Amino acid sequence: MEGDIAHYIVVGAGSAGAVIAARLTEDPKVSVVLLEAGGRDRNLWLHIPLGYGKTMTDARVNWMYKTEPEPNCAGREIFWPRGKVLGGTSAINGLVYIRGQVEDFDHWRQLGNEGWSFEDVLPHFKRAEGNVRGGDDLHGGDGPLGVSDLESHPLCEAFIAGAQEAGIPRNPDFNGRIQEGVGYFQLTTRRGFRSSTSVAYLRKARSRPNLRIVTGAQATRVLLDGKTIAFEMVAKLEVRNYSAAVEFQLLSDEECKSINLSRTKPIDAMAEGETAQTVCLADVAEAAKKTAAWNTRRAVELFSFVTGLNAAVPLDR
Ligand SMILES: Cc1cc2nc3c(=O)[nH]c(=O)nc-3n(C[C@H](O)[C@H](O)[C@H](O)COP(=O)(O)OP(=O)(O)OC[C@H]3O[C@@H](n4cnc5c(N)ncnc54)[C@H](O)[C@@H]3O)c2cc1C
């Protein structure tokens, strides 16, 4: 990276951001600044698969969001964990390696989204995947993301056998051509440790001279100047200019503290012709609330279905 000039700024070093920053900087001519609000992933529990029992409620590595009281859930606030650390939520999640359903990708393509059919996305899955079972037409064997098998257990085997007796087929691979069935899923682990995107992608990339990773750097504002190319972001970095390259300057801790996070305003509240405006994505918050309510409703419906008890009544009040 030449002085304080970078080609890209990636905000958030989570599942997506860490991969994007690492892939972009494979080209030594491309320079990237990666901003992460959380810290380094030094906490041991981020690397031990069952550590999520600890990190799920650890505010040092977790945003610990809660929804607003949700009318569809009897006024409850729904807990909404998200990773706040290098690796993002991939450092605290449930490690289950199951791709989207083939039919869903194909449906997206049918709706007109080029590049999103299953055959289109499959090479990217394979490129990412380092499956202990090795590579084949559906899997990658030498990608950076470790994918491993769970050990079989007599209780699990008894459950699977019971499901099979009930007519559900055993499925040895939920990322195979057929996703229906009962069996063990695979985990995003390698040799017993979690394969977060920080481990899988940034460990190798972090020593590149064209990648600068800044932790403890929460981007707080995106300023639009109405011409769509101007983009300013305030974090530990102040970006002064954005066109083909980005010029930035490190802010002091004192300057960071003085940033006023409450100066956000929904994008649709901008006056026409306004030249520089801080915006917040109100739609994102709204969609998150709806998802929480929907997930809870589905869980209750499933509970009712399995137990025969009618648990739907409180939700509708
Ligand atoms: C409890 C839980 C369990 C899950 N289990 C599974 C599972 O088993 N299998 C599976 O496939 N998926 C699972 N998921 C879902 C999956 O982990 C997420 O969908 C995925 O990690 C999201 O990736 P992302 O890149 O969108 O966001 P994240 O990985 O959350 O990354 C966002 C990053 O941006 C940073 N950030 C946010 N705002 C700013 C800012 N303003 N400035 C700078 N940095 C910022 C955050 O700190 C974070 O590091 C689970 C999710 C949760 C919450």
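Residues numbered from 1 in each chain as written. Predicted model: local features only at pLDDT ≥ 70, side-chain atom pairs only at ≥ 80, totals over all residues.

1. Notes on the site of the ligand
The cut-off we apply is this: All residues are tested the same way: a C-beta atom is placed from the backbone, and lying within 6 Å of a molecule or strand makes the residue near it. Helix and strand labels come from DSSP, where a helix needs a run of H or I of at least four residues and a strand needs a run of E of at least two; each type is numbered from the N terminus. Throughout this entry, Asp, Glu, Lys and Arg are counted as charged residues, while Ala, Val, Leu, Ile, Met, Phe, Trp, Tyr, Cys and Pro are counted as nonpolar. The remaining residues, Gly among them, count as polar.
Around the ligand sit 24 residues, and of these Gly12, Gly14, Ser15, Gly88 and Gly94 come closest. When residues of the shell around the ligand are traced back to their parent elements, those giving at least two are helix 1 (15-24) and strand 3 (32-36). The element best represented in the shell around the ligand is helix 1, accounting for three residues. Class assignment of the residues belonging to the shell around the ligand gives a composition of nine nonpolar, twelve polar and three charged.

2. Let's talk about the sheet that holds strand 6 (residues 96-97)
Selection criterion: In this scheme, strands are said to pair when DSSP sees at least two bridges between them.
Strand order in the open sheet formed by four strands is 6-9-8-7, with mixed pairing between adjacent strands. Edge strands, defined here as strands with exactly one partner in the open sheet, are strand 6 and strand 7 (129-131). By the bridge criterion, two bridges tie strand 6 to strand 9 (residues 186-187) in an arrangement that is antiparallel. Each residue of the ladder has a partner; that of Val96, found in strand 9, is Leu187.

3. Describing the confidence of the model for the protein
Note the cut-off: Scored from 0 to 100, pLDDT records how confident the predictor is in each individual residue. Whether two residues are in contact is decided by their C-beta atoms, placed from the backbone, lying within 7 Å.
Of all residues in the protein, 68% have pLDDT values of 70 or greater, and the mean over the chain is 80. The model gives residues 259-268 a pLDDT under 50, and that stretch makes 15 contacts with residues more than four places away or in other chains.

4. Details of the pairing of strand 2 (residues 8-11)
Selection rule: Handedness of a crossover is defined as follows: with both strands directed away from the viewer, a clockwise route from the first strand across the helix to the second makes it right-handed.
Note that strand 2 and strand 3 share four bridges and pair parallel. Note on strand 3: the bridge partner recorded for Ile9 is Val33. For the crossover from strand 2 across helix 1 to strand 3, the handedness is right-handed.

5. Things to note about the nonpolar core
Spelled out, the test is: A set of buried Ala, Val, Leu, Ile, Met, Phe, Trp, Tyr and Cys residues, joined through C-beta atoms within 7 Å, is what we mean by a nonpolar core. Three classes are used. A residue is buried when 20 or more other C-beta atoms lie within 10 Å of its own, exposed when 12 or fewer do, and partly exposed in between, with C-beta atoms placed from the backbone.
The biggest cluster of nonpolar side chains holds 30 residues, and the ones touching the most others in it are Ala18, Ala21, Leu34 and Leu202. Here the element with the most residues in this core is helix 6 (residues 197-205); it accounts for five residues. Once you skip the residues sitting within four places of it in the chain, Leu34 turns out to touch Val10, Ala13, Gly17, Ala21, Leu211, Ile213 and Val214.

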